[in-house]
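The primary structure of each chain is shown beneath.
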Amino acid sequence: FFSLSLQAKMSRPVQARRLEGIDKNIWVEFVKLAATYSTVNLGQGFPDFPPPAFLKEALLRALSEENHMLHQYTRAFGHPPLVKILAQFFGKLLGRDLDPTTNVMVTVGAYQALFCCFQAFIEEGDEVIIIEPFFDCYEPMVKMAGGTPVFVPLRPKAPKDGKLMSSADWQLDPTELASKFSERTKALVLNSPNNPLGKVFSRGELELIADLCVKHDVLCISDEVYEWLVYDGKEHIRIASLQGMWDRTVIIGSAGKTFSVTGWKVGWTVGPNRLLQHLRTVHQNSVYHCATVAQDVVAQGFQRELELYGKPDSYFIQLSKELQQKRDRLVQSLDAVGMKPIIPEGTYFLVADISEFKSDVPDVPDSEEPYDSRFAKWMVKNKGLAAIPLSAFYGEAHKNHYNHFIRFCFAKEEATLKAANDILQNWKREKTSP
Ligand code: PMP
């Protein structure tokens, strides 16, 4: 009798149904792999160079000062100095008056900002349009909220005259995009500059998206964490600044990407109160509040950047200049060995074509795992070089269409990029020597 009742109890699933099918996570898997094998890690997206000196100094000052209150709770929706400067800064960028208490909310990284958006806006049965390839967490977060992701791919066009491909060659098909909007569509996620491709959406592309959002009364969750990382004189255009978009857009940003401090996990949302009031409800009932010291120091960073806005000493300008050089260095290394790079217009990522390396890692017919995923694992183990398979940034239906690319992160010290170059050169030499 006892064992029967025990059995009945144990057959009941412990986990909530909303967790079904979202238990795997590419980062957990690849971070573990990179830690297990001795690797040059161009996988996960974080800088291995130090954050700017002014930010480290501000942190030291915050810790050495007598203001003990920086170690205690602060305002739930954002430390007052941080929301104040963010309202000023983004107010200037957007050309509108922003209220620090209602138009800005600080989050635990952009990641939690995304989570708040999906929890606040998405109901059972709602559809969310996601442009592929996409930062992978959008899909499970939509599902966890009870929504259905609807994917629409950027389609690559062959570049002219044997030139290297650019992220600008990956474009939405306007008819295909329009066909994804329906009465069930509640939101669209835009990520420009885009992780993983580095695509910076043009004004025309943003207008196409904006017109559809307005026509179908759809919200836009605009993940702009790489807003300062744009190259070759490109301009990052905020979709919230386009006609009819402010009222339906939440802008998401990250101090991790902005000031090269991904470990601090300070992010923010900027938008109209009619949207942000619901993000505050999710925030106060989950995380409630983010680390005070980190918020205080990020506020000081923004204060500096506001004073230096557009000037050569601005960190935002210097960082993108430095990263552009690193991008060019990695483009050169990859191109020299035939791992064709797609030149990114923004972000610190670069996607490369591994087709010419297929003979080194033979395909396994009928394998469920996309080819690029097996290739990336093989490369970590056998070459000591870590990158992320592009298929990880696609929904199930397209994983095997875009399975011969891998993503590298080039926010790395010169020595790291050189080590990666050495690995690629040696590999090429082994391939070509009889
Ligand atoms: N959005 C995108 C597009 C990202 O690439 C990342 C980080 N890789 C995030 C959001 C999360 O940012 P954070 O570290 O601030 O949570």
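Residues numbered from 1 in each chain as written. Predicted model: local features only at pLDDT ≥ 70, side-chain atom pairs only at ≥ 80, totals over all residues. Heavy atoms only, no water.

1. What to know about the packing of helix α13 (residues 371–383) against helix α14 (residues 414–432)
Working step 1: Here α13 crosses α14 at 95°, and the two axes come no closer than 12 Å. Between α13 and α14, the angle falls in the class roughly perpendicular. For the pair α13 and α14, the contacting residues are Phe 375, Trp 378, Met 379 and Lys 383 in the first and Ile 423, Trp 427 and Glu 430 in the second.
Working step 2: Among the residues forming the contact of α13 with α14, the class breakdown is five nonpolar, no polar and two charged. (Axes fitted to C-alpha atoms, helices over the stretch in contact; angles between N-to-C directions. Helix = DSSP H or I, 4+ residues; strand = E, 2+ residues; numbered from the N terminus. Parallel < 35°, antiparallel > 145°, perpendicular 65-115°, else oblique. Contact = heavy atoms within 4.5 Å. Nonpolar A, V, L, I, M, F, W, Y, C, P; charged D, E, K, R; others polar.)

2. Quick notes on the side chain of Ser 333
Working step 1: Of note, Ser 333 is situated in helix α12 (residues 315–337).
Working step 2: Assessed through its relative accessible area of 4%, Ser 333 is described here as buried.
Working step 3: In this structure, Ser 333 is in contact with Asn 421 and Leu 424, ignoring residues within four places of it in sequence. (Buried < 20%, exposed > 50% of the residue type's maximum accessible area, 1.4 Å probe, protein only.)

3. Describing the UniProt feature "domain: Aminotransferase class I/classII large" (unreviewed entry) in the protein
Working step 1: Sites flagged by UniProt as "domain: Aminotransferase class I/classII large" (unreviewed entry) map to residues 40–420.
Working step 2: For the annotated span residues 40–420, helix accounts for 37% and strand for 16% of the residues, and the straight-line distance between the end C-alpha atoms is 6 Å. (UniProt positions renumbered as here; feature names shortened; annotations may be inferred.)

4. As for the nonpolar core
Working step 1: Counting 145 residues, the largest nonpolar core has Phe 118, Ile 209, Phe 259, Met 339, Phe 375 and Phe 408 as the members making the most contacts within it.
Working step 2: Per-domain counts for this core show at least three residues from each of domain 1 (24–51 + 314–428) and domain 2 (53–308). (Core = buried A, V, L, I, M, F, W, Y, C linked by side-chain atoms within 4.5 Å. Domains from an automatic or database assignment.)

5. Some details on the site of the ligand
Working step 1: If you check the shell around the ligand, you find 13 residues, and the closest are Ala 110, Asp 223, Tyr 226, Ser 254 and Lys 265.
Working step 2: Here an oxygen atom of the ligand and a side-chain polar atom of Asn 195 are 2.9 Å apart.
Working step 3: Between the ligand and the protein, one listed contact pairs a nitrogen atom with a side-chain N or O atom of Lys 257 at 3.1 Å.
Working step 4: Of the residues forming the shell around the ligand, the biggest block, three residues, is contributed by helix α5 (residues 109–121).
Working step 5: Considered class by class, the residues forming the shell around the ligand number six nonpolar, four polar and three charged. (Near = heavy atom within 4 Å. Polar contact = N/O pair within 3.5 Å; in protein donor to acceptor, adjacent residues only side chain to side chain.)

6. Section: helix α8 (residues 203–215)
Working step 1: An ideal rise of 1.5 Å per residue puts 18 Å on 13 residues; α8 measures up with 18 Å between its terminal C-alpha atoms.
Working step 2: For α8, the full list of buried residues reads Glu 205, Leu 206, Ile 209, Ala 210, Leu 212 and Cys 213. Seen along its axis, α8 keeps its buried residues to an arc of 165°; they face one direction. For α8, the exposed residues set more than 90 degrees away from the buried face come down to Asp 211 and Lys 215.
Working step 3: Where α8 is buried, its residues touch β3 (127–132), β6 (170–171), α7 (174–179) and β7 (185–191).
Working step 4: Just downstream of α8 lies Asp 217, where phi reads positive at about 55°. (Expected span 1.5 Å × (residues − 1). Arc of directions from axis to C-beta.)

7. Considering the pairing of strand β15 (residues 405–409)
Working step 1: For β15, a buried count of five out of five residues is recorded, marking the element as mostly surrounded by other parts of the structure.
Working step 2: The two faces of β15 match: Phe 405, Arg 407 and Cys 409 on one face and Ile 406 and Phe 408 on the other face are all buried.
Working step 3: Taken together, the five bridges between strand β12 (residues 349–353) and β15 define a ladder with antiparallel strand orientation. Directly across from Val 351, in β15, lies its bridge partner Arg 407.
Working step 4: As judged from the two bridges shared by strand β14 (residues 388–389) and β15, these two strands associate in the antiparallel manner. (Pairing = 2+ DSSP bridges.)

8. Let's talk about the packing of aromatic side chains
Working step 1: According to the stated counting rule, one finds 32 aromatic pairs in the structure shown.
Working step 2: On the basis of an interplanar angle of 75° and a centroid distance of 5.7 Å, the ring pair of Trp 170 and Phe 405 is categorised as edge-to-face. Of this pair, Trp 170 sits in strand β6 while Phe 405 sits in strand β15, and the two are 235 residues apart along the sequence. Residue Trp 170 shares its accessibility class with Phe 405, and that shared class is buried.
Working step 3: Within the aromatic cluster, the residues linked to one another by ring pairs are Phe 54, Phe 89, Phe 90, Trp 228, Phe 259, Trp 268, Phe 302, Tyr 309, Tyr 315 and Phe 316.
Working step 4: Over the ring of Trp 228 we find Arg 238; its NZ or CZ atom is 5.7 Å from the centre of that ring.
Working step 5: Above the face of the Phe 54 ring, Arg 304 is positioned so that its terminal group lies 3.9 Å from the ring centre. (Phe/Tyr/Trp six-rings, centres within 6.5 Å; stacked < 30°, edge-to-face > 60°. Lys NZ or Arg CZ within 6 Å of the ring centre and 35° of its normal.)

9. Some thoughts on the domain arrangement of the protein
Working step 1: The domain boundaries assigned to the protein delineate domain 1 (24–51 + 314–428) and domain 2 (53–308).
Working step 2: Using C-alpha coordinates to define each centre, domain 1 is positioned 24 Å away from domain 2.
Working step 3: At the junction of the two partners, domain 1 supplies 40 residues and domain 2 supplies 47 residues.
Working step 4: Carbon and sulfur atoms make up 60% of the surface buried where domain 1 meets domain 2, a total of about 3700 Å² over both sides.
Working step 5: Contact with domain 2 buries area across many residues of domain 1, yet Pro 51, Phe 316 and Glu 345 alone supply 24% of it, more than any other trio.
Working step 6: Linking domain 1 to domain 2 there are two salt bridges.
Working step 7: One can count 24 residue pairs in polar contact (both at pLDDT 80 or more) joining domain 1 with domain 2.
Working step 8: Elements supplying a minimum of two residues to the side of domain 1 that touches domain 2: α2 (26–36), α12, β11 (341–342), β12 and β15.
Working step 9: Take the side of domain 1 that touches domain 2: its biggest share by element is nine residues, from α12. (Buried area = accessible area lost by both parts, 1.4 Å probe. Salt bridge = Lys/Arg side-chain N within 4 Å of Asp/Glu carboxyl O.)

10. Examining the sheet that holds β14
Working step 1: What the four strands build is an open sheet, ordered β11-β12-β15-β14; its pairing is antiparallel. Every interior strand has two partners, whereas the edge strands, β11 and β14, have only one.
Working step 2: Here two bridges tie β11 to β12, and the two strands are oriented antiparallel to one another. What sits directly across from Ile 342, in β12, is Val 351.
Working step 3: The sheet contacts of α12 involve β11, β12 and β15, and relative to β12 the element is tilted by about 10°.

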